[in-house]
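Descriptive analysis of the structure
What follows is each chain in one-letter form.
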Amino acid sequence: MTISADRAFLLYGTTRTEPAPTELKAGRLTAKLVGGNLRDIRYEGVDVLRAISFLVRDRDWGTYDPELFDLSVEETDEQFTVRYGTRCNGPDMTQLSIAATITGTAEGMLVFAAAAMSPTGFETNRCGFCILHPIGGLAGTNVSIEHVDGSLEATRLPDLIEPWQPFKDMRAITHTVLPGITAECRMDGDTFEMEDQRNWSDASYKTYVRPLALPWPYMIAAGETVSQTITLTIRDEEPEAGLLLSPANPVTLQWGEQDGELPQIGIVVTPEEAAETAVALRAHGSFGVQDLLLHFDPAAGHGRAAIDAFVPLAAGHKGTVTLEIAVPCQRPLDEEMQEIATMVREARLRLDAIMVSPSVDRQSPPPGSQWPDCPPLEEVYAAAKAAFPTLSLGGGMLSYFTEINRKRVPGKQLAFVSHATNPIVHAADDQSVMETLEALPFITRSLRAIYGAKDYRIGPSTIAMRQNPYGSRTMDNPHGERIPMANRDPRHNGLFGAAFALGYAAAVADAGLTRLTLSAATGPFGLIAAPGEPVPKGGLRPLAHVVRTLASIAGWEWQEVVGSRAGSLLALCGRKGRETVLLCANITAEPVTIDLAGLRVPGNASFQVLDEANLVAASSGEIPETPASTPLFTLSAYGVARLSW
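Summary of the structure given here.

1. Some thoughts on the nonpolar core
With 171 residues, the main nonpolar core has Ile325, Leu351, Ile354, Phe388 and Leu572 as its most contacted residues. At 11 residues, helix H8 (residues 495-507) tops the list of elements feeding residues into this core. Not counting the four nearest positions on each side in its chain, leucine 351 is found in contact with Leu294, Val321, Leu323, Val344, Phe388 and Leu391. Membership of the second largest hydrophobic core comes to 21 residues, among which are Leu569, Cys573, Leu582 and Leu596.

This is the structure we're talking about:
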């Protein structure tokens, strides 16, 4: 779908649009060609693989995005064939050229072959295929693994998230698509292994080339050719039988069986943004948030001045205040923690809790590597508790679920555990980012399996990356592109960011969180617009309305709402006494019609809609309410709605 630059700006915060995919079809086999790679590989509309991609990564795990040349697409009713070349330009004038061929047939076979050659020598962390299996309906199911030595293993895909690779030394994997339909994915040219990408909130299991236990980065020698082939074979016992496909619109909503309590909402504040944040909170009534998460990192130069910057914020805030400390662990722990406690005490900074984690734990070692040297976490927590004896003590990771899953903290000393997530670790296209919401329930369920009913907090979780545990830096993004591991992301500023945040809150609603932090007040992760954004400078980004609404129902009873079609709409319901608030987010670029009849919404209900039609007007004030006169209503692309009765 092609959209205008003006509309793209409202939806995505940038006039840069993603290229429309090329639709490929051979009989019942379909796929989308995007930038030389395959997405949404389906058999009669049913997901078989989420993607097959030939990727080249740099030494910081950044992904090259080269332009294609000599692209040709030939298609008949029975077969499609794609050919192209591409070239990666690396540091110091190095180059890597890739030639690829993709063939799909009506018999259900897909072959993707690629050959990479460097005339100069080329440094890379990875050069080869990645295959993504979907998680919806596949997690926990039976698969067959063929290993490189020819042995077969009958096993299951992980249900709870596996911290390390579930399968190694792979040559092929076979899974059941539907009863009577299987898919074998065969990988030739190197040794493959699988990682559970739900660790990073990707909605997939990723099978990739070159085991991570081997050294990286590594060199492809000048003149060396790297050749690999992926062969997908779909076997259908009844190829003439019709399949039951998901209906189109509308999406019907029904009450589910689960309930609980909605979390308090927080915002993160750095010392550098403290003064600007104080101004924003005075102007906008604190957005109703319950918790301020103050970030303190001595390794970044934070000291007494940083603590002083937080004081007026904490003093004027009616809710709780948490100090997030990246513990240097460079001197005796008691000395470091007491020094911070003295600064807090002398500045009279009001705190309710501290969240502590060693600074080095923000770097995530690959499988097979040693975790960075660090004092035992029991000693870190003991020193923190001794320095702040009256405060609630939290631990976990300042980075992502991956790290707390791989380095599990001793929870007995903690009042709460915490981590964040980030949706652009591996891919940053619109579809991949929204698909990460599908993985969040697996993350929270896996965390609960480790720590039980302990107080659980998530955040700050934003589209842009706050820190990069997997490389030396986050990626700059001065031109507002869709870049993995970028420290700024334009979609945070558009309607997409609002839909993502509301979808996030809905996806983790069953986890019993006590705090959820999805933004800052100001800056690149903030709720206030800067120059050159879809709304005027100083106005409210669309995300601000979502955060304010979520804060307004914090602590209310959560009631599960179930939609009839996954991947298009997420809904969240809060109840307090006789009052009910229903929030809906369209997480697609297409309009979605919603049928509320199954919820028995009363005739006196009213609703507010934030969409591209009123996004600019809403930046300076409230969104008007209108009566909900029909059980059917339509949300346009990435629209969000609030119904109340």
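2. A few points about the sheet that holds strand S22 (residues 320-327)
Sheet architecture is closed into a barrel: 8 strands sit in the order S20-S21-S22-S23-S24-S25-S26-S27, paired in parallel fashion. Pairwise comparison of adjacent strand axes, ignoring direction, gives a mean angle of 25° for this sheet. Pairing between strand S24 (residues 392-400) and strand S25 (residues 416-420): 4 bridges, direction parallel. The partner of tyrosine 400 across the bridge, within S25, is alanine 420. This element, helix H9 (residues 542-552), spans strand S20 (264-269) and strand S27 (515-520) of the sheet and lies at about 155° to S27.

3. Things to note about the state of the cysteines
Applying the stated criterion across every chain, the model contains 0 disulfides. With no disulfide partner, cysteine 329 has as its closest neighbouring cysteine sulfur the one in cysteine 374, 4.7 Å distant. Here cysteine 329 falls in the buried class, since its relative accessible area comes to 16%. The closest cysteine sulfur to the non-disulfide-bonded cysteine 573 is located on cysteine 584, 9.4 Å from its own sulfur. A residue is classified by how much of its surface remains accessible, and cysteine 573, at 0% relative accessible area, is buried.

4. What to know about the packing of helix H2 (residues 274-284) against helix H3 (residues 304-316)
Closest axis-to-axis distance for the H2/H3 pair is 9 Å, and the angle between their directions is 10°. It follows from the interaxial angle that H2 and H3 lie roughly parallel. Residue-level contacts link Ala274, Thr277, Ala278 and Leu281 of H2 to Ala309, Phe310 and Leu313 of H3. Its residues placed into classes, the contact of H2 with H3 shows 6 nonpolar, 1 polar and no charged.

5. Re the environment of valine 535
Within the element layout of this structure, valine 535 appears in the loop between S27 and H9. Among the residues examined, valine 535 registers a relative accessible area of 2% and is labelled buried. Note: C-alpha distance between valine 535 and leucine 615 (80 residues apart in sequence) is 7.5 Å. Every residue in contact with valine 535, bar those within four places of it in the chain, is listed here: Ala529, Ala530, Leu540, Arg541, Leu615, Val616 and Ser619.

Rules behind the numbers
- Residues numbered from 1 in each chain as written.
- Predicted model: local features only at pLDDT ≥ 70, side-chain atom pairs only at ≥ 80, totals over all residues.
- Heavy atoms only, no water.
- Core = buried A, V, L, I, M, F, W, Y, C linked by side-chain atoms within 4.5 Å.
- Buried < 20%, exposed > 50% of the residue type's maximum accessible area, 1.4 Å probe, protein only.
- Helix = DSSP H or I, 4+ residues; strand = E, 2+ residues; numbered from the N terminus.
- Contact = heavy atoms within 4.5 Å.
- Pairing = 2+ DSSP bridges.
- Axes fitted to C-alpha atoms, helices over the stretch in contact; angles between N-to-C directions.
- Disulfide = S-S within 2.5 Å.
- Parallel < 35°, antiparallel > 145°, perpendicular 65-115°, else oblique.
- Nonpolar A, V, L, I, M, F, W, Y, C, P; charged D, E, K, R; others polar.

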